[in-house]
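# Examination of the molecular architecture
The primary structure of each chain is shown beneath.
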Amino acid sequence: MRAAVLIACKNGEATIASTVRSAATQSDVYVLSDGSTDNTAEVAAAAGATVIARSVSGGKPDALRALMREHDLGSRYDYIAVLDDDTIVADDYIARLVEVLDRDGGVAVASGRIDSRWERDQRWNPYIAMRAFMYWSYQATVKRGQNALHLVNVICGANSLFRAEIFAALVEEDAPYAIDDMFWLAEIARRRLGRVAYVHAARSWTIDPHTFRDWYRQTVRWSWGQFQSVRGHRLGSFIRRDRARGRFAIRFSWFDLGYLALLVDWLPYMIEPFVFVPAAYFFRRWVDPMWFVGAYLVTSVGWIMLAAAALRRPRLLVLAPAILVLDLIYRVTMLHALVKTIRQPSVEVCRWDSPERFAIEGSAATASTN
């Protein structure tokens, strides 16, 4: 095996077996049960993983670092994949990512497509519907466009494959942000270690929050980690401080330009609901305010219709009203995360904060049919 799969988890008994089985046919799998109080270690071992179980939790980055050190993975493998304990991958997932890394020496890490596990008993869940729609819309437009321009600005912590020597260097540092892969991305850009590649043909599936509380908390946490990395690493800025010389310098990079474009897109997205009423009132003499409402509904429902067709999920249309409401709440979560970043720009430890899980059965081959 040229690649090793690393899974750090805490109390992942309900999902870890499916994750291990989906990866074990294409790579060696190593699991660290980080202070679990359930049978995570036993279930993972029975599924085919090499397991370390420790009684005291140290967080995900520390758990991954422990796996690398304990098994000397940086020198034994060409590539290191990091999977979440609720993610399953297609039978050719690792091979597709390895092919990209082998072909292009400028790529430091590759991530594949991720979709929601939408089990039958959760088929009318609005929070999973929202995630399924968001994954599709972001990957079909932004990530594929960024990949064509070699400007991908996301490392998916749930399903990424790194060059072993690069991951070994990244994981030696504690991540000061709420999301570890946000830190890895920022460090890859800062150290100029290579590019991120998005491989749409490589498929994986993950469990998403199915309660409002978990959905809101995870969404805030994701945006919080991203804003922390923007603030801490000055992503999107061409001005860098030269600490050795004690002065500022300008360093242009296409990556920062791409990130700046994303930040410019985020700002109106966040504030749009709050400026809608004032804008409608100001332009009332020229434009009927209902045209603003109509334009939002037509464009939003149009995108949902495209997603329903692309994903073969007609029920997205039935759930469209809920998706529109959650879209407005999503903007609030981003503002919440922005305020949180101002108040807490870094963390001491990346702690476990996983949403409630539901058990999944079957293999990656059946995931796309649910």
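Please refer to the structure higher up on the page.
Presented here is a report on the structure given in the accompanying data block. Since the structure is predicted, the reported quantities are computational estimates derived from the model, not experimental observations. (Residues numbered from 1 in each chain as written. Predicted model: local features only at pLDDT ≥ 70, side-chain atom pairs only at ≥ 80, totals over all residues. Heavy atoms only, no water.)

## Quick word on the overall build of the protein chain
- Tallying secondary structure elements over the protein chain gives 14 helices and 10 strands in all.
- When the backbone C-alpha atoms are referred to their principal axes, the protein chain occupies close to 70 × 60 × 40 Å.
- When the 370 residues of the protein chain are sorted by exposure, 49% land in the buried category.
- Contacts in the protein chain between residues far apart in sequence, at least 24 positions, make up 76% of those at least 6 positions apart.
- For the protein chain, the accessible area works out to roughly 17,500 Å², and carbon and sulfur atoms hold 58% of it.
- Seen as two clouds, the 44 positive and the 39 negative side-chain charges of the protein chain have centres 7 Å apart. (Helix = DSSP H or I, 4+ residues; strand = E, 2+ residues; numbered from the N terminus. Buried < 20%, exposed > 50% of the residue type's maximum accessible area, 1.4 Å probe, protein only. Contact = heavy atoms within 4.5 Å. Areas by Shrake-Rupley, 256 points an atom, 1.4 Å probe, with all protein chains shown as cover. Lys, Arg positive; Asp, Glu negative; His and termini not counted. Charge placed at Lys NZ, Arg CZ, Asp CG, Glu CD.)

## What about the sheet that holds strand S8 (residues 195–206)?
- As summarised here, the arrangement of the eight strands in space is S3-S2-S1-S4-S7-S6-S8-S5, forming an open sheet in which the pairing is mixed. The sheet terminates laterally at strand S3 (50–54) and strand S5 (87–89), the two strands that pair on one side only. The sheet shows a mean angle of 30° between the axes of neighbouring strands, taken without regard to direction.
- As judged from the nine bridges shared by strand S6 (residues 107–116) and S8, these two strands associate in the parallel manner. Across the sheet, the residue bridging to Val109 is Val196, located in S8. (Pairing = 2+ DSSP bridges. Axes fitted to C-alpha atoms, helices over the stretch in contact; angles between N-to-C directions.)

## Examining unusual backbone geometry
- Of note, the phi angle at Asn11 is positive, near 55°, even though the residue is not glycine.
- Assessed through its relative accessible area of 35%, Asn11 is described here as partly exposed.
- Non-glycine residue Arg192 carries a positive phi angle of around 55°.
- Tracing the sequence through the fold places Arg192 in the loop between helix H8 (180–191) and S8.
- Judged by its relative accessible area of 53%, Arg192 falls in the exposed class.

## Concerning the nonpolar core
- Ranked by internal contacts, the top residues of the largest apolar core, which has 68 residues, are Leu6, Ile80, Phe162, Phe167 and Leu316.
- Beyond its immediate stretch of four places on either side in the chain, Ile80 contacts Ala4, Leu6, Met68, Leu73, Ser160, Leu161, Phe162, Ala164 and Phe167.
- Among the nonpolar cores identified, the runner-up in size contains 29 residues, and Cys9, Ala47, Val100 and Val199 belong to it. (Core = buried A, V, L, I, M, F, W, Y, C linked by side-chain atoms within 4.5 Å.)

## Description of the side chain of Asp327
- Considering the arrangement of structural elements, one finds Asp327 in helix H13 (residues 320–343).
- Overall, the relative accessible area of 14% leaves Asp327 in the buried class.
- Among the polar contacts made by the side chain of Asp327, one reaches the side chain of Tyr296 at a distance of 3.0 Å. (Polar contact = N/O pair within 3.5 Å; in protein donor to acceptor, adjacent residues only side chain to side chain.)

## Brief notes about the packing of helix H9 (residues 212–233) against H13
- It is at 8 Å that the axes of H9 and H13 come closest, and there the two elements cross at 45°. In terms of their interaxial angle, H9 and H13 are classed as oblique. Crossing of H9 against H13: the hand is right-handed. Contact residues: Phe212, Trp215, Tyr216, Thr219, Val220, Ser223, Trp224, Phe227, Gln228 and Arg231 in H9; Leu326, Ile329, Tyr330, Val332, Thr333, Met334, His336, Ala337, Leu338, Lys340 and Thr341 in H13. (Parallel < 35°, antiparallel > 145°, perpendicular 65-115°, else oblique. Left-handed = near helix turned anticlockwise from the far one by under 90°.)

## Examining helix H1 (residues 16–24)
- Counting buried residues along H1, seven of its nine residues qualify, which places the element largely inside the surrounding structure.
- Of all the positions in H1, only Ile16, Ala17, Ser18, Thr19, Val20, Ser22 and Ala23 are classed as buried.

## Some details on the packing of aromatic side chains
- In the structure shown here, the tally under the stated rule is 17 aromatic pairs.
- Arranged with centres 5.1 Å apart and planes meeting at 80°, the rings of Phe252 and Trp254 form a pair that is edge-to-face.
- We classify Phe252 as partly exposed; its relative accessible area is 47%.
- For Trp254, a relative accessible area of 58% gives the class exposed.
- Pairwise contacts between aromatic rings join Tyr127, Phe212, Trp215 and Tyr216 into one cluster.
- The ring of Trp118 carries the charged tip of Arg315 above its face, separated from the ring centre by 4.2 Å.
- Taking NZ or CZ as reference, Lys340 lies 4.3 Å from the ring centre of Trp224, over its face. (Phe/Tyr/Trp six-rings, centres within 6.5 Å; stacked < 30°, edge-to-face > 60°. Lys NZ or Arg CZ within 6 Å of the ring centre and 35° of its normal.)

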